[in-house]
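Single-letter residue listing:
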Amino acid sequence: MRVYPDIESLRLHARRRIPKAVFEYVDGGSYTEATLRQNRRGLEDIDLVQRVLRDVSDRSQAVELLGHKLPSPLILGPTGLTGFVHPNGEIEALRAANAAGIPYTLCTPSICSVGDLKEAVGTPFWFQIYVMKDKDFTRYLLENAKAAGATVLVITVDVVVNAQRHRDLRNGLAIPLRMTLPTLLDLATKPGWLLRMTQSKRKTFGNYQGYLKEGTGTQSMAAWVAEQYQPLLTPETLGWIRDFWQGPVIIKGVMTPEDAEIAVEFGADGIVVSNHGGRQLDGASSTAAALPAIARAVKGETTILVDSGIRTGADIFRMLALGADACLTGRAQLYGLGAAGRAGVSRAIEILQAELDVAMALTGCRTLEDIGPHCIRHRGQAARKTGSGA
Ligand SMILES: Cc1cc2nc3c(=O)[nH]c(=O)nc-3n(C[C@H](O)[C@H](O)[C@H](O)COP(=O)(O)O)c2cc1C
């Protein structure tokens, strides 16, 4: 495999290998992409406190999460259309997660279905749903997921409406790809992707196929699902879900202490502090800015996961120092997948783990318990304290 020193190098290679419309679907954010940028800025503005003269020869990033011991505080989060980035992308990503011993989350709008994962891999995974108006459909999804070996349910609550991504509109993103002249010209430069995609098990949303009438086109499927988003997750709906889902339930898309407290009242086993990677509410603050207040409100009462903007192991360190128990990645794994398939996802995981290990060693932390607010400094704060600029 070629040398990929960091996630950015996977990103740049993925950009060369996959069609522009697919790459920009992965890479982009909603509207002005202010939140997409803010997620990075929020993390980059946090300095790590270098500590020396400590024995850090024996380090571990193991963590206990929802009753399971994981080698790293890292989970591959749910990402739609993964099977478009690479053939059978969801299967390949699950295999890479398994090789690293970390969880993989299949999303509802995936290309490979829950059944495909069971058939091809047969190991447990996490499953993500949106709350849908059609209860039969929700039940259908959950029962299939359970039968396929899903153990943890992630309910995403920050897509009550679909925000617009300008890049997708400009690229005419559709499934199958809309064959405009620019798309055709771009595809002509990506023969490898076209050839690889012929090995794909499926060409459309795998989890919808068995439920909707046979022969429903992909566009009609997407339109039907978009109308299905239920504006509100209520305790009643959650209670109804829990009647036939006995495993842990995580609520994804929480950005305030108030909503975190509601999620705890609902009995959520965990929350994901997330702004959907800057793909929904443009103008929302970074998750790094939102996390500390949420951790103060609910730490210890529920598992706190976080995502959005994580591109380095040092970012994971920052999120843990801000109060998270573990992190999800979205784009990092997709850049890996686009660059080199399963090996690329494995490389993305390896990069993040190795960088976290170095960050721990150089901040004097031997275990995740050693990581806390004392390990970081907000750059603005440091400047204010020293009175710089006066
Ligand atoms: C291409 C793409 C598709 C996504 N699809 C979903 C989805 O179907 N369900 C969901 O809950 N989140 C989805 N997300 C959001 C991710 O789960 C996650 O919150 C976000 O990507 C984290 O930010 P990051 O990409 O900067 O790591 C998607 C993200 C991307 C990049």
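How each quantity is defined
Residues numbered from 1 in each chain as written. Predicted model: local features only at pLDDT ≥ 70, side-chain atom pairs only at ≥ 80, totals over all residues. Heavy atoms only, no water. Helix = DSSP H or I, 4+ residues; strand = E, 2+ residues; numbered from the N terminus. Rg over C-alpha atoms; globule rule 2.2 N^0.38 Å. Buried < 20%, exposed > 50% of the residue type's maximum accessible area, 1.4 Å probe, protein only. Contact = heavy atoms within 4.5 Å. Areas by Shrake-Rupley, 256 points an atom, 1.4 Å probe, with all protein chains shown as cover. Lys, Arg positive; Asp, Glu negative; His and termini not counted. Charge placed at Lys NZ, Arg CZ, Asp CG, Glu CD. Pairing = 2+ DSSP bridges. Near = heavy atom within 4 Å. Polar contact = N/O pair within 3.5 Å; in protein donor to acceptor, adjacent residues only side chain to side chain. Nonpolar A, V, L, I, M, F, W, Y, C, P; charged D, E, K, R; others polar. Expected span 1.5 Å × (residues − 1). Bend = angle between axes of the 7 residues up to and from the residue. Core = buried A, V, L, I, M, F, W, Y, C linked by side-chain atoms within 4.5 Å. Salt bridge = Lys/Arg side-chain N within 4 Å of Asp/Glu carboxyl O.

*Asks:* Just checking my understanding: could you explain the overall build of the protein for this structure?
*Replies:* Tallying secondary structure elements over the protein gives 18 helices and 12 strands in all. In terms of overall dimensions, the protein is globule-like: its C-alpha atoms have a radius of gyration of 21 Å, near the 21 Å expected for 390 residues. Based on the C-alpha atoms only, the size of the protein along its principal axes is roughly 65 × 50 × 40 Å. Counting over 390 residues, the protein shows a buried share of 55%. Across the protein, contacts joining residues at least 24 apart in sequence account for 74% of those joining residues at least 6 apart. Roughly 16800 Å² of accessible area belongs to the protein as shown, and the carbon and sulfur atoms make up 53% of that amount. Placing the 44 positive and 40 negative side-chain charges of the protein at their respective mean positions leaves the two points 6 Å apart.

*Asks:* Sorry, what's going on with the pairing of strand 10 (residues 303-306) here?
*Replies:* In the case of a regular strand, side chains alternate between the two sheet surfaces. Side chains Thr-303 and Leu-305 project from strand 10 onto one buried face, and the interleaved Ile-304 and Val-306 project onto a second face that is buried too. Relative to strand 10, strand 9 (residues 270-273) runs parallel, the two sharing four bridges. Within strand 10, the residue paired with Val-273 across the bridge is Val-306. Where strand 10 meets strand 11 (residues 326-329), two bridges bridge the pair, whose relative direction is parallel.

*Asks:* Help me out: how do you make sense of the site of the ligand in this one?
*Replies:* Around the ligand, the surrounding shell holds 23 residues, and the nearest of these are Pro-78, Gly-80, Thr-156, Asp-307 and Gly-309. Within the contact set of the ligand, an oxygen atom lies 2.7 Å away from a side-chain nitrogen or oxygen of Thr-156. In the model, an oxygen atom of the ligand is placed 3.5 Å from a nitrogen or oxygen of the Ser-308 main chain. For the ligand, the protein covers 98% of the area, taking 610 Å² as the surface of the free molecule. The set of elements that each furnish at least two residues to the shell around the ligand consists of helix 2 (20-27), strand 6 (125-130) and helix 17 (331-362). Classifying every residue of the shell around the ligand by side-chain character gives seven nonpolar, 11 polar and five charged.

*Asks:* Help me understand unusual backbone geometry, please; the structure alone is not making it clear to me.
*Replies:* The phi angle of most residues is negative, glycine excepted, and most peptide bonds adopt the trans form. Non-glycine residue Glu-33 carries a positive phi angle of around 65 degrees. With respect to the helices and strands, Glu-33 occurs in the loop between helix 2 and helix 3 (34-44). Judged by its relative accessible area of 14%, Glu-33 is buried.

*Asks:* What's the story with helix 17 in this structure? I'm lost.
*Replies:* Structurally, the α-helix is built with 3.6 residues per turn, so residues lying three or four positions apart point the same way. Along its 32 residues, helix 17 runs just 27 Å from first to last C-alpha, ending more than 12% under the 46 Å computed at 1.5 Å per residue. A maximum bend of about 140 degrees is found in helix 17 at Ala-340.

*Asks:* Even after reading the chapter, I still don't get the environment of Val-358, so can you show me in this structure?
*Replies:* Considering the arrangement of structural elements, one finds Val-358 in helix 17. Spatially, the C-alpha atoms of Val-358 and Gly-313 are 8.3 Å apart, while their sequence positions differ by 45 residues.

*Asks:* What is the right way to look at the side chain of Arg-11 in this model?
*Replies:* Its place among the elements puts Arg-11 in helix 1 (residues 7-17). Exposure remark for Arg-11: the relative accessible area of 17% places this residue in the buried category. Of note is the side chain of Arg-11, whose polar atom sits 2.9 Å from the side chain of Asp-27. Residues within four places of Arg-11 in sequence aside, it is in contact with Phe-23, Asp-27 and Tyr-335.

*Asks:* When you look at the nonpolar core in this model, what are you seeing that I'm missing?
*Replies:* In summary, soluble globular proteins display a tendency toward joint burial of nonpolar side chains. Counting residues in hydrophobic clusters, the biggest one holds 117 residues, and the most contacted among them are Phe-125, Phe-127, Leu-153, Ile-155, Leu-305, Phe-317 and Met-319. It is helix 17 that provides the largest number of residues to this core, a total of 13 residues. Dropping the residues within four chain positions of it, Met-319 is found in contact with Leu-43, Thr-287, Ala-288, Leu-291, Val-306, Asp-307, Ser-308, Ile-310, Ala-324 and Cys-327.

*Asks:* Just checking my understanding: could you explain the pattern of salt bridges for this structure?
*Replies:* Any two side chains of opposite charge can pair if their charged atoms end up close together. Counted by the stated rule, this structure contains 20 salt bridges. In this structure, Arg-139 engages Glu-143 in a salt bridge whose closest nitrogen and oxygen atoms are separated by 3.2 Å. Taken together, the residues Arg-139 and Glu-143, both in helix 7 (residues 135-148) and four residues apart, mark about one turn of the helix. Judged by relative accessible area, which is 35%, Arg-139 ranks as partly exposed. Under the relative-accessibility criterion, Glu-143 is labelled partly exposed at 36%. Measuring nitrogen to oxygen at the nearest pair gives 3.0 Å for the salt bridge that ties Arg-318 to Asp-315. Taken together, the positions of Arg-318 and Asp-315, both in helix 16 (residues 313-321) and three residues apart, correspond to about one turn of that helix. Accessibility assignment for this pair places Arg-318 and Asp-315 in one class, buried.

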